[in-house]
Amino acid sequence: MRVLGVDPGLTRCGVGVVDGAPGRRCGLVHVDVIRTPADAELGDRLVAIADGLAAAIAVHRPEAVAVERVFSQHNVRTVMGTAQAAAMAIVAATRAGIPVALHTPSEVKAAVTGSGTADKAQVGLMVTRILGLTGTPKPADAADALALAICHLWRAPAQARLAEALARSASPARGAGHRDRAVGE
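In short, a report on the structure.

Quick notes on the rules
- Residues numbered from 1 in each chain as written.
- Predicted model: local features only at pLDDT ≥ 70, side-chain atom pairs only at ≥ 80, totals over all residues.
- Heavy atoms only, no water.
- Helix = DSSP H or I, 4+ residues; strand = E, 2+ residues; numbered from the N terminus.
- Buried < 20%, exposed > 50% of the residue type's maximum accessible area, 1.4 Å probe, protein only.
- Contact = heavy atoms within 4.5 Å.
- Areas by Shrake-Rupley, 256 points an atom, 1.4 Å probe, with all protein chains shown as cover.
- Axes fitted to C-alpha atoms, helices over the stretch in contact; angles between N-to-C directions.
- Parallel < 35°, antiparallel > 145°, perpendicular 65-115°, else oblique.
- Left-handed = near helix turned anticlockwise from the far one by under 90°.
- Nonpolar A, V, L, I, M, F, W, Y, C, P; charged D, E, K, R; others polar.
- Expected span 1.5 Å × (residues − 1).
- Pairing = 2+ DSSP bridges.

### Points about the overall build of the protein chain
Within the protein chain one finds five helices and five strands. Per-residue burial for the protein chain yields a buried fraction of 38% across its 185 residues. For the protein chain, the share of sequence-separated contacts (at least 6 apart) that also reach a separation of at least 24 residues comes to 62%. For the protein chain, the accessible surface area stands at approximately 10400 Å², while carbon and sulfur atoms represent 55% of it.

### Topic: the packing of helix 3 (residues 105–113) against helix 4 (residues 120–131)
Two elements in contact, helix 3 and helix 4, have axes separated by 9 Å at closest approach and are oriented at 50°. In terms of axis orientation, helix 3 runs oblique to helix 4. As helix 3 packs across helix 4, the resulting crossing turns out to be left-handed. Where helix 3 abuts helix 4, its residues K109, V112 and T113 lie against Q122, V123, M126 and I130. Of the residues in the contact of helix 3 with helix 4, the class split is four nonpolar, two polar and one charged.

### Quick notes on helix 4
End to end, helix 4 covers 16 Å across 12 residues, agreeing with the expected 16 Å (1.5 Å per residue, within 8%). Residues V123, G124, V127, T128, I130 and L131 constitute the buried set of helix 4.

### What about the sheet that holds strand 5 (residues 100–103)?
Hydrogen bonding along the main chain pairs the strands of a sheet, whether they run parallel or antiparallel. Strand order in this open sheet of five strands is 3-2-1-4-5, and the pairing throughout is mixed. One side of each edge strand has no neighbouring strand; the edge strands of this open sheet are strand 3 (27–35) and strand 5. Neighbour to neighbour, the strand axes of the sheet diverge by 20° on average, direction disregarded. The pairing of strand 4 (residues 64–68) with strand 5 spans four bridges and is parallel. Opposite A66, over in strand 5, you have A101 as the bridge partner.

### Let's talk about the pairing of strand 1 (residues 2–7)
For a regular strand, the rule is simple: side chains alternate between the two faces of the sheet. With respect to burial, strand 1 is a largely interior element, five of its six residues being buried. As judged from the six bridges shared by strand 1 and strand 2 (residues 12–19), these two strands associate in the antiparallel manner. Counterpart to D7 in the pairing with strand 2 is G14. Where strand 1 folds back on strand 2, the antiparallel hairpin that results is connected by four residues. In the sheet, strand 1 pairs with strand 4 via four bridges, with the strands oriented parallel. Looking at the pairing, V3 lines up with A64 of strand 4.

### Looking at helix 2 (residues 76–95)
In a regular helix each residue adds 1.5 Å, so 20 residues correspond to 28 Å; helix 2 covers 28 Å between its end C-alpha atoms and thus fits that length. All buried positions along helix 2 are accounted for by V79, G81, T82, A85, A86, M88, A89, A92 and A93. Packed against the buried residues of helix 2 are strand 1, helix 1 (42–60), strand 4 and strand 5.

### What to know about unusual backbone geometry
Cis peptide bonds are those with omega within 30 degrees of zero, and the linkage from K138 to P139 qualifies with -5°. With respect to the secondary-structure elements, P139 resides in the loop between helix 4 and helix 5 (140–170).

### Brief notes about the packing of helix 1 against helix 2
Working note: a packed helix pair is described by the angle between its axes plus the distance between those axes. Helix 2 packs onto helix 1 with a crossing angle of 40° between their chain directions and a minimal axis gap of 9 Å. With respect to helix 2, the axis of helix 1 lies oblique. In terms of crossing hand, the pair formed by helix 1 and helix 2 is right-handed. Seen from helix 1, the contacting residues are L42, L46, I49, A50, L53, A54 and I57; seen from helix 2, they are Q84, A85, M88, A89, A92 and A93.

Here it is as structure tokens:
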């Protein structure tokens, strides 16, 4: 499976593409950071991010896009920009007909390091080891995007099975108060 991970941000939006499967070695396909100038108009910045993501999707043809779920931060301005960049990733993937998954930072950290409270250096080190790279992708946005893709590769199958089981248990049981009719009745 090929997954494109997005670490959203207005100034730096990390994009990482990884091939792999649960229990198998993951491979780096592509890593980049989409950059926009802080003094540019918001609309222009969002268009640049959307276009960069659409181009990455067109070139690398992922089967899924994993985006960091925006969480509450103390700086509302930072949260807004991150959420807007995340929305551009969701729109680009949806336009391309690719499913989108959102993962929290702690889910990603736990998936790649074993600890939901790992710091950026630990995440970068584990991304480097998991992908067999000679150096940690820089800036941290690039490593974080790859971590998102790895997280999705490893967690998606289990999450899909859980969702399927929940859907089955939520559907009404056949036969309770229902009598099957014979053909022709």
